[in-house]
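Descriptive structure summary
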Amino acid sequence: MVIIVTGVSGSGKTTVGTLLSQKTHLPFFDADDFHPSSNVEKMTQGIPLSDQDRAPWLENLAIHIKDWEKSGGAILACSALKEAYRQKLQVNSNIFWIHLKGEKVILEERLQNRENHYMNPGLLDSQLETWEEPEYGLHVDVSKNPEDIVKDIFTHLNFDKMKSKLGIIGMGVMGKSLALNFVENGIGTSVFNRTVPGKEEKVATDFVEEHKEFPLLKGFDALDAFLQSLETPRKILLMIPAGVAVDAQLEQLSADLSPGDIVIDGGNSFFEDSNRRVENMLTKGIHFMPMGISGGEEGARKGPSLMPSGNTEAFSLIQEYLQKIAAKDKNGNACMTYVGPEGSGHFIKMVHNSIEYGEMQVIAETVHLLRFGLRLSPPEISRIIKDWISDGLKNYLLEITTDIYLTKEKDEFLVDLILDVAGQKGTGGWSLGTALKHHVAYSPLAEAVTARQLSAKKNDRIELAEIFKHRFRAFGEDKVLLMERIKNAYTLCRIINHETGYSLMKEVSDENGWNLNFSEISRIWTNGCIIRSSLMEELVHVFKETDSLLKHKKTVSKIKELKVDLTFIVGLGLQHEFALPVMSAAANYLLGRIIENSSANILQAQRDYFGAHKYQRKDDPNGEFHHTDWLLLKKQSGK
Ligand code: 6PG
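Residues numbered from 1 in each chain as written. Predicted model: local features only at pLDDT ≥ 70, side-chain atom pairs only at ≥ 80, totals over all residues. Heavy atoms only, no water.

1. Digging into the domain arrangement of the chain
Here the chain is partitioned into domain 1 (2–157), domain 2 (163–342), domain 3 (349–594) and domain 4 (600–636). A separation of 57 Å is found between the C-alpha centroids of domain 2 and domain 4. (Domains from an automatic or database assignment.)

Quick look at the structure:
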């Protein structure tokens with residue numbers, strides 16, 4: 001919907017248009033800003049514009065109107081005095097005309113009081129002469145107050161009957177926040193939530209009732225009314241729990257949707273399910289778009305990182321809406337990109353979460369070392385990690401940890417009142433399963449999943465702690481030096497966490513022929529998402545030069561510099577009874593990746609000894625498989 005507010009100079013197009021923009025959240029544009037400089041020059045000198053002068057201006061505006069329409073709508077203030085001009089701007093039926101009319105004396109008075117405008121007041125007569133009164137649209141008397149004018153316009157436009165650009169199914173925390181984000185960006189949105197008697201009743205309609213400030217937001221408790229409220233092809237975003245609920249919803253929707261409609265799954269669905277759903281829905285002519293969304297509640301409301309995938313044709317129809325609501329990177333570009341075919345959007349979201357697990361766990365290990373190894377208090381730790389952040393370790397998860405370590409309830413730190421049992425919803429474990437399936441070494445991030453699993457066995461841990469008399473032992477060494485070494489260990493561990501996740505993405509991308517762009521993926525993860533960080537900013541450039549962090553020159557020097565501190569801290573921590581699952585796995589992973597002669601020859605010998613599994617030899621350049629009769633050799637050697 002594009003609303004064009006017309007009228008001669010001084011009729012109040014800008015005032016009414018701006019007010020309309022504030023109320024609808026559609027962007028406001030002033031057609032005067034689109035005049036070529038030659039026209040501006042003429043108007044400043046009081047020379048009336050000819051139709052020839054106006055032609056390129058109107059053509060340019062028509063192009064913009066089409067674009068604004070595509071991206072959700074806009075309010076345009078434009079004199080559009082002649083019918084011929086208006087016809088040029090009437091690019092389709094979604095244009096709504098508001099014509100402002102007033103007595104000449106009022107218009108003159110307003111023009112006299114106007115500052116900073118190039119329009120010469122002397123042109124009013126010529127404008128009034130030129131004006132061809134239209135027979136359509138809403139005609140408004142400008143002597144009314146602007147608030148009342150906007151009220152009249154709202155009644156005339158009848159927002160309730162207007163079709164929404166987009167629909168959201170699922171009014172959980174994320175669904176609600178995204179709905180508000182869409183309407184705040186001027187994208188008319190219908191929302192629907194299922195009804196579960198006694199549990200979920202009138203969720204969508206109540207939500208809309210609470211947000212009357214957004215006239216473009218509409219709520220429905222009935223699915224058919226919701227579907228009818230949407231523009232075609234329909235664009236429906238599912239924000240419901242992953243798994244069977246998605247299949248059930250798709251089944252239900254399939255009966256009512258039409259070929260060409262688009263369903264976007266914004267939940268944390270398993271990507272192999274998404275691959276299957278893309279194919280299934282396509283047999284019905286419906287585009288299914290798996291889309292990873294990161295940023296939690298706040299991100300969804302203010303700007304998430306969006307990872308859409310699937311059909312490119314469907315993507316082109318929703319791209320502009322997604323661009324509007326996404327977080328922006330440091331260059332102002334949307335943290336949203338078309339990821340690739342099938343469920344690749346959900347796949348990278350899964351890996352994102354897996355890195356998130358690793359990043360969270362390594363922070364937990366780090367602050368535990370600071371607290372119980374160095375005996376620092378929570379506020380001291382908060383201050384130290386704040387310094388680390390200023391010193392190049394900026395990342396969202398560490399930032400929230402500085403707050404967590406300062407938060408008290410009465411006299412106690414809240415973190416100390418929280419039970420040490422960590423939950424998980426699946427994405428971390430799915431990444432591990434995927435890594436195993438694709439033969440990708442994944443130990444650092446796998447350990448982050450295992451750590452949560454171990455945490456869940458609280459009673460068992462209490463019993464075993466008593467049996468083993470487990471106690472952390474504080475470090476005796478120089479605190480300041482150790483702090484620096486812990487910081488270095490943490491820094492390197494984070495590089496390895498990312499390397500592990502990106503290795504999995506590379507492998508799966510190659511196997512599926514997805515051609516994922518890792519620099520672009522890093523870019524959309526620089527803002528809005530949970531693992532946004534200064535390291536991620538660096539990865540945008542690193543992955544332009546290489547597809548492996550371990551082969552990137554600058555990163556290699558950094559790893560070489562920090563390696564000794566990671567292995568030292570892991571050794572020290574373990575000796576003092578600290579469990580450091582991700583840190584120690586990161587050290588082992590790194591050593592395992594960079595070692596030329598590993599211990600795997602012993603494994604091959606054992607496999608061949610007990611199972612005749614054969615082995616390849618260093619002295620056989622052809623790489624043939626050999627078997628040895630180990631017992632015979634033993635006998636022959638007389639041992
Ligand atoms: C995000 C988060 C979000 C959520 C995950 C992880 O990127 O916004 O990853 O998707 O936190 O569901 O949840 P669990 O830790 O419960 O597995």
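More follows now that the structure is in view.
2. Side note on the site of the ligand
Close to the ligand lie 13 residues; Ser294, Lys349, Glu356, Tyr357 and Lys425 are nearest. Between the ligand and Gly296, the relevant distance is 3.1 Å, taken from an oxygen atom to a main-chain nitrogen or oxygen of the residue. A distance of 2.9 Å separates an oxygen atom of the ligand from a polar atom in the side chain of Asn353. Coverage of the ligand by the protein amounts to 80% of the 410 Å² it exposes when considered alone. Of all the cavities here, the one that holds the ligand is the second largest pocket. The greatest single-element share of the shell around the ligand, amounting to five residues, is contributed by helix α15 (residues 344–373). Taken together, the residues of the shell around the ligand sort by class into two nonpolar, seven polar and four charged. The two domains that each donate at least three residues to the shell around the ligand are domain 2 (163–342) and domain 3 (349–594). (Near = heavy atom within 4 Å. Polar contact = N/O pair within 3.5 Å; in protein donor to acceptor, adjacent residues only side chain to side chain. Areas by Shrake-Rupley, 256 points an atom, 1.4 Å probe, with all protein chains shown as cover. 1 Å grid on protein atoms, 1.4 Å probe; cavity = no way out; pocket = protein on both sides within 12 Å on 5 of 7 lines; lining within 4 Å. Sits in = over half its atoms within 2 Å of the grid points. Helix = DSSP H or I, 4+ residues; strand = E, 2+ residues; numbered from the N terminus. Nonpolar A, V, L, I, M, F, W, Y, C, P; charged D, E, K, R; others polar.)

3. Topic: the layout of surface pockets
Vacant regions in the atomic arrangement are exposed by a probe of water-molecule size rolled over the atoms. Of the volumes computed, that of the largest pocket is approximately 2000 Å³. Ala364, His368, Asp420, Ser455 and Arg461 are the residues nearest the centre of the largest pocket, which is lined by 45 residues in total. Counting only elements with at least two residues in the lining of the largest pocket, the list comes to α15, α17 (396–404), α18 (414–417), α20 (443–456) and α21 (458–468). Residue contributions to the lining of the largest pocket peak at ten residues, all from α15. Looking at side-chain class alone, the lining of the largest pocket contains 27 nonpolar, five polar and 13 charged residues. Roughly 1200 Å³ of volume is contained in the second largest pocket. (Points joined across faces, edges and corners; volume = space filled by probe spheres on them.)

4. Focus on the nonpolar core
Formed by 79 residues in total, the largest nonpolar core has its most connected members in Phe347, Trp525 and Met583. For this core, the leading source of residues is helix α22 (residues 479–512), giving 13 residues. The residues that make up this core include at least three from each of domain 2 (163–342) and domain 3 (349–594). Residue contacts for Trp525: discarding those within four places in its chain leaves Ser305, Met307, Ile348, His352, Ile355, Tyr502, Met505, Ile531, Arg532 and Met536. (Core = buried A, V, L, I, M, F, W, Y, C linked by side-chain atoms within 4.5 Å. Buried < 20%, exposed > 50% of the residue type's maximum accessible area, 1.4 Å probe, protein only. Contact = heavy atoms within 4.5 Å.)

5. Notes on the pairing of strand β11 (residues 287–294)
For β11, the tally of buried residues reaches eight of eight residues, placing the bulk of the element in the interior. Residues of β11 alternate between two faces, with His287, Met289, Met291 and Ile293 on one and Phe288, Pro290, Gly292 and Ser294 on the opposite face, all of them buried. Bridge count for strand β10 (residues 262–265) against β11 is four bridges, and the pairing is parallel. Among the inter-strand pairings, Ile262 is bridged to a residue of β11, identified as His287. Traced from β10 through helix α12 (residues 271–282) to β11, the parallel crossover comes out right-handed. Looking at chain direction, β11 and strand β12 (residues 305–308) are connected through four bridges and run antiparallel. Following the sheet pairing, Ser294 is matched in β12 by Ser305. (Pairing = 2+ DSSP bridges. Right-handed = clockwise from strand over helix to strand, strands pointing away.)

6. Remarks on unusual backbone geometry
Note that the residue after Thr232, namely Pro233, is joined by a cis bond; omega there is -10°. Looking at the element boundaries, Pro233 is found in the loop between α10 (223–228) and β9 (235–238). The phi torsion at His439 lies on the positive side, around 55°, for a residue other than glycine. Structurally, His439 can be placed in the loop between α19 (427–437) and α20. For His439, a relative accessible area of 73% translates into the label exposed.

7. Some points on a nonpolar patch on the surface
Where nonpolar side chains cluster on the molecular surface, the patch consists of Leu464, Ile467 and Phe468 and spans about 330 Å² of accessible area. Along the chain, the position of Leu464 falls in helix α21. (Patch = residues over 30% accessible without salt bridge, like charges linked within 9 Å, V, L, I, M, F, W, Y side chains within 5 Å. Salt bridge = Lys/Arg side-chain N within 4 Å of Asp/Glu carboxyl O.)

8. A word on the sheet that holds strand β2 (residues 28–30)
Here we have five strands laid out as an open sheet, ordered β2-β3-β1-β4-β5, and parallel in their pairing. Bordering the open sheet on either side are β2 and β5 (138–141), each of which pairs with just one other strand. Strand after strand, the sheet turns through a mean of 20° between neighbouring axes, direction not considered. Looking at chain direction, strand β1 (residues 2–6) and strand β3 (residues 74–77) are connected through four bridges and run parallel. Residue pairing for β3: Val5 is matched across the bridge by Ala77. Packing of helix α7 (residues 146–157) onto the sheet brings it into contact with β1, β4 (95–101) and β5, and relative to β5 it is tilted by some 165°. (Axes fitted to C-alpha atoms, helices over the stretch in contact; angles between N-to-C directions.)

9. A short note on helix α1 (residues 13–24)
The end-to-end C-alpha separation of α1 is 16 Å, in line with the 16 Å expected for twelve residues at 1.5 Å each. Taken together, the buried positions of α1 are occupied by Lys13, Val16, Gly17, Leu19, Leu20, Ser21 and Thr24. If you follow the buried residues of α1, they end up packed against β1, β2, β3, β4, α7 and α8 (173–184). Two residues or fewer after α1 comes His25, characterised by a positive phi angle close to 70°. (Expected span 1.5 Å × (residues − 1).)

10. With respect to α20
Working note: α-helix, 3.6 residues per turn, so residues spaced by three or four point in the same direction. Under the 1.5 Å per step criterion, the end-to-end length of α20 is 20 Å for 14 residues, consistent within 8% with the ideal 20 Å. All of the buried residues along α20 are Pro444, Leu445, Ala446, Ala448, Val449, Ala451, Arg452 and Ser455. Tucked into the core, α20 has its buried residues touching α15, α19, α21, α22 and α26 (581–594).

11. Looking at the packing of α15 against α19
At a minimum axis separation of 8 Å, α15 and α19 run at an interaxial angle of 110°. When the axis of α15 is compared with that of α19, the two are roughly perpendicular. The segment α15 lies against α19, with Phe347, Met350, Val351, Asn353, Ser354 and Tyr357 engaging Thr427, Gly428, Trp430, Ser431 and Thr434. Within the contact of α15 with α19, the residues separate by chemical class into five nonpolar, six polar and no charged. (Parallel < 35°, antiparallel > 145°, perpendicular 65-115°, else oblique.)

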